[in-house]
Amino acid sequence: MASTLHGVPAASGIAIGTCLLYDPVPPEVPHYSIDANGVGAERARLERAVKISAQELGQLRDHVHVHVGKQEADIFDAHLLILEDDALLDGAHARISDELVNAEWALWQAAEEFSQMLLELDSYFQARANDIHDIRMRVIAHLQGRSTTQLQNLSEPVIIVAHDLLPSDTAGLNPAYVLGLVTEQGGPTSHTAILARQMGIPAVVGAKDILTTLQHAHTREIRVALDGSTGVVEIDPDEQILAAYQRAAQEYHQLKEQLQTLRTLSATTRDGVHVEVAANIGRPQDAKVAVEAGANGVGLFRTEFLFLDRTTPPSEEEQLSAYSTVLAAFAGKTVIVRTLDIGGDKSIPYLKLQAESNPFLGLRGIRLCLAEAHQHLFRTQLRALLRAAEKSQAALWIMFPMIDDLRELRQAKAFLAETEKILLSEGMLQTAVQDRLRVGIMVETPAAALLMDVLAKEADFFSIGTNDLAQYTLASDRMNASLAELHRPFHPAVMRSIAQIVTTARKHNRWVGMCGELAGDARASLFLLGLGINELSMEPNSLNMVKQKIRSATLSEAQALVQHVLAAETAEDLDALFQA
Ligand code: PEP
Ligand code: MG
């Protein structure tokens, strides 16, 4: 069945390994009525699924104990305890007989009630609510005869092949067990691709029909080789192809090693012009990785990632701890924390947001935070941020996402000022901290790009989000693999927009950085340098490559390139220019 598939490159690196076909649980839980005389059979069906689940949990516990560690294995013991607890199963059995409903629905509802009860107790029990969800999904999968593989519980290295992955699926992955990712859906700036790059996992997205192709192979062990820089996926490669991939993997590794010498050097041109290079992070533990990779600061902390992969929002104290960890790692440097950018492809099921036909054009980012129904999320986050700022040894800059105009910026700033007043009156803050903060915005909508001169009067700084700026400027969905050709920042319209944003910001003496994926693309580094950008913020893996590019050039070379780029008429002209 050897074949070659071409997808969209999403995270560089070579991966060779056995693939795991991930076909997740459909979100719909079947709900139907049963006959009174079918109660016995339905209960027996539930008991059987519970028994299989318990056996499976025992096996998982033993396997994980040997291959991963005791602490990780304890999770499965906790699941077994819950599964054996009468409170959950009695509730499900009662529903089958009293309400005459199917076992899946009865268990779903009983687990819901059980979790609600735990959520009202202390934080230890609140964490168990997550476990209950896992358990019910496992039992329901067995009721339906489906696979129960969970990406978070891998115990040996695999290449994950999926139709699509949610950012929450990817955020929970253990990079030690994920050699690579291949998805049928998604674009290169989808958050799954961004997370893969952040974790250093080679990835290809938009590999059409790969899951179905492999599912039809009906063999359990299928070997795959992929190149995340070209988007090529080799299914069941022969010895010759395999050897070529092994060589490429070695070369890639050597290149990364060579670039390591740049880790402690700055991004300064041959004639002494300096650009800050910072890291994009999504979790507090990423801060340490970023420091080790040589980041000068954090140019984008995507705080919504703290909200993924759980069943309730993080509390003020949890957020305070996450922000403080990052600030402590970057003492003496600057950390730009972006307030919640929920929406688009980052849906958070437990927030129960209304379904939208165009989520990227919907209630997203600052719009959601300012909407009355969700303001509490924003207030909690601002409280945690202001409290973190008070003790911080790093400069905290707060950045609002998806700002369209001055009205939104003013509203967001008013929330910040009001939150500080409240904290001071409660004694949660000893002194005002706002003077020490800088408050800025992402420039990622065409509206903000066009209104730069107006926004510059009230925003302390700007950071260009090229992922969304390209999507909205070109009206091409960043998630749609079929539009990958169109959705590219190397397009004359996007280049001109970036140039205009940087020039206007500098004219108004405003700091301007870039934190979209283009900032980590070394092909664009000289163009951005030539425009006069202050900072490039990227996945830590890209830092050395960008530094190398900047250190190789002079400002006048970069400025000459700007002229050529702005004169380019087509995306193909730009490709040729950047290739040269
Ligand atoms: C962007 O849009 O470029 C950006 C950095 O934000 P996100 O990718 O999180 O939407
Ligand atoms: Mg964005």
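Calculation rules
Residues numbered from 1 in each chain as written. Chains lettered and ligands numbered in written order. Predicted model: local features only at pLDDT ≥ 70, side-chain atom pairs only at ≥ 80, totals over all residues. Heavy atoms only, no water. Buried < 20%, exposed > 50% of the residue type's maximum accessible area, 1.4 Å probe, protein only. Helix = DSSP H or I, 4+ residues; strand = E, 2+ residues; numbered from the N terminus. Pairing = 2+ DSSP bridges. Donors = N, O, S within 2.8 Å, 3.2 Å for Na, K, Ca; no water. Axes fitted to C-alpha atoms, helices over the stretch in contact; angles between N-to-C directions. Contact = heavy atoms within 4.5 Å. Near = heavy atom within 4 Å. Polar contact = N/O pair within 3.5 Å; in protein donor to acceptor, adjacent residues only side chain to side chain. Areas by Shrake-Rupley, 256 points an atom, 1.4 Å probe, with all protein chains shown as cover.

Draft legend 1. Representation of the pairing of strand 10 (residues 274-281) within the structure. Taking burial as the measure, the 8 residues of strand 10 include 6 buried ones, the bulk of the element. The pairing of strand 9 (residues 267-268) with strand 10 spans 2 bridges and is classified as antiparallel. Looking at the pairing, Ala267 lines up with Val275 of strand 10. What sits between strand 9 and strand 10 in their antiparallel hairpin is a turn of 5 residues, with Gly272 showing a positive phi close to 85°. Sheet analysis places strand 10 next to strand 17 (residues 535-538), joined by 4 bridges and oriented parallel. Following the sheet pairing, Val277 is matched in strand 17 by Leu536. In this sheet, strand 11 (residues 298-302) lies alongside strand 10 in parallel orientation, the contact comprising 3 bridges. What sits directly across from Ile281, in strand 11, is Phe301.

Draft legend 2. Molecular detail of the coordination of the magnesium ion (ligand 2). Bound to the magnesium ion (ligand 2) on the protein side are Glu444 (OE) and Asp468 (OD), at distances that span 2.0 to 2.1 Å. With Glu444 in the loop between strand 14 (438-443) and helix 15 (446-450) and Asp468 in helix 17 (residues 466-473), this residue pair connects regions lying 24 residues apart in the sequence. A residue is classified by how much of its surface remains accessible, and Asp468, at 3% relative accessible area, is buried.

Draft legend 3. Seen up close, the sheet that holds strand 4 (residues 158-162). Ordered by their spatial adjacency, 8 strands build an open sheet running 1-8-7-3-4-5-6-2, and the pairing between neighbours is mixed. If you trace the sheet from one side to the other, it starts and ends with strand 1 (3-6) and strand 2 (8-11), each paired once. Between one strand axis and the next, the sheet turns by 30° as a mean value, whatever way the strands run. Examined bridge by bridge, strand 2 and strand 6 (residues 203-205) share 3 bridges and lie antiparallel to one another. Counterpart to Val8 in the pairing with strand 6 is Val205. Contacts from helix 7 (residues 191-199) reach strand 2, strand 5 (178-183) and strand 6, with the element oriented near 50° to strand 2. Those strands touched by helix 9 (residues 239-259) are strand 3 (14-22), strand 7 (223-227) and strand 8 (232-235), and its axis lies near 115° from that of strand 3.

Draft legend 4. Quick look at the site of ligand 1. Around ligand 1, 17 residues are found, and the nearest of them are Arg302, Arg338, Gly465, Asn467 and Arg478. Gly465 has a polar backbone atom sitting 3.3 Å from an oxygen atom of ligand 1. Compared with its free state, where it exposes 290 Å², ligand 1 has 100% of that area covered by protein. Where the shell around ligand 1 is concerned, the elements lending two or more residues are helix 7, strand 11 and helix 17.

Draft legend 5. Quick look at the environment of Thr554. With respect to the helices and strands, Thr554 occurs in the loop between helix 20 (543-551) and helix 21 (555-567). Exposure remark for Thr554: the relative accessible area of 13% places this residue in the buried category. On a C-alpha basis, the gap between Thr554 and Val273 in space is 7.8 Å, while along the polypeptide they are 281 residues apart. Beyond its immediate stretch of four places on either side in the chain, Thr554 contacts Thr269, Arg270 and Asp271.

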